[in-house]
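Summary of structural features
Spelled out, the chains give:
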Amino acid sequence: MRLIDADELIKYIKTWEIGTSISSDQKEFIDCVNEQPTAFDSDKVISELKKDKFIESECILSDVHQGYNAGLSRAVEIVKGGGIE
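Just so it is clear, the model here is predicted, and its values are computed rather than measured. (Residues numbered from 1 in each chain as written. Predicted model: local features only at pLDDT ≥ 70, side-chain atom pairs only at ≥ 80, totals over all residues. Heavy atoms only, no water.)

**A few points about the environment of I30**
Mapped onto the elements of the fold, I30 is located in helix α2 (residues 24-35). I30 sits 20 residues away from I10 along the chain, and the two C-alpha atoms are 5.9 Å apart. Excluding its chain neighbours within four sequence positions, the residues that come into contact with I30 are I10, I13 and K14. (Helix = DSSP H or I, 4+ residues; strand = E, 2+ residues; numbered from the N terminus. Contact = heavy atoms within 4.5 Å.)

So, in structure tokens, the structure goes:
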């Protein structure tokens, strides 16, 4: 399985030169794309990752805890970026 940008796919479908307006075939393809389930909700993933972070104001964090937090922060950056560099 691979993730795609559904909005970009819909833009591409709309560029098919079939006429001046969206054809029934284009509409059918677009509806099909819109009906597909989302592979994951990035906002929920980010929320869950942030819940696991150690809160610095509650205690003095050890190097291990600081490293764990840094790893979670990096994971959040990757999810926000969609894995695209």
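Picking up after the structure, the text goes on.
**A look at the pattern of salt bridges**
Oppositely charged side chains can form a pair if their charged atoms are brought close together. Summed over the entire model, instances satisfying the criterion amount to 4 salt bridges. Across the pair E8 and K11 runs a salt bridge whose closest N-O atoms are separated by 3.2 Å. With E8 and K11 both in helix α1 (residues 6-14), this residue pair falls 3 residues apart, about one helical turn. Exposure remark for E8: the relative accessible area of 42% places this residue in the partly exposed category. A salt bridge links E77 to R74, with the nearest nitrogen and oxygen atoms 3.3 Å apart. Here E77 and its partner R74 are both found in helix α4 (residues 63-81), 3 residues apart, which amounts to about one turn of the helix. (Salt bridge = Lys/Arg side-chain N within 4 Å of Asp/Glu carboxyl O. Buried < 20%, exposed > 50% of the residue type's maximum accessible area, 1.4 Å probe, protein only.)

**A word on the packing of α1 against α2**
The N-to-C vectors of α1 and α2 enclose an angle of 175°; their axes lie 10 Å apart at closest approach. With respect to each other, α1 and α2 are oriented roughly antiparallel. Packed against α1, whose contacting residues are A6, L9, I10, I13 and K14, the element α2 presents Q26, F29, I30, V33 and N34 at the interface. For the contact of α1 with α2, the residue count by class is 7 nonpolar, 2 polar and 1 charged. (Axes fitted to C-alpha atoms, helices over the stretch in contact; angles between N-to-C directions. Parallel < 35°, antiparallel > 145°, perpendicular 65-115°, else oblique. Nonpolar A, V, L, I, M, F, W, Y, C, P; charged D, E, K, R; others polar.)

**Section: the side chain of Q26**
You can see Q26 is positioned in helix α2. In this structure the side chain of Q26 is engaged in a polar contact, spanning 3.4 Å, whose partner is the backbone oxygen of W16. (Polar contact = N/O pair within 3.5 Å; in protein donor to acceptor, adjacent residues only side chain to side chain.)

**As for the packing of aromatic side chains**
Across all of its chains, the model carries 3 aromatic pairs by this definition. Ring centres 6.4 Å apart and planes at 90° place the aromatic pair Y12 and W16 in the edge-to-face group. Residue classification places Y12 among the exposed positions, given a relative accessible area of 52%. Residue class for W16 comes out partly exposed when judged on its relative accessible area of 28%. Between the aromatic rings of F54 and Y68, the centroid separation amounts to 5.5 Å while the plane-to-plane angle is 65°, which identifies the pairing as edge-to-face. (Phe/Tyr/Trp six-rings, centres within 6.5 Å; stacked < 30°, edge-to-face > 60°.)

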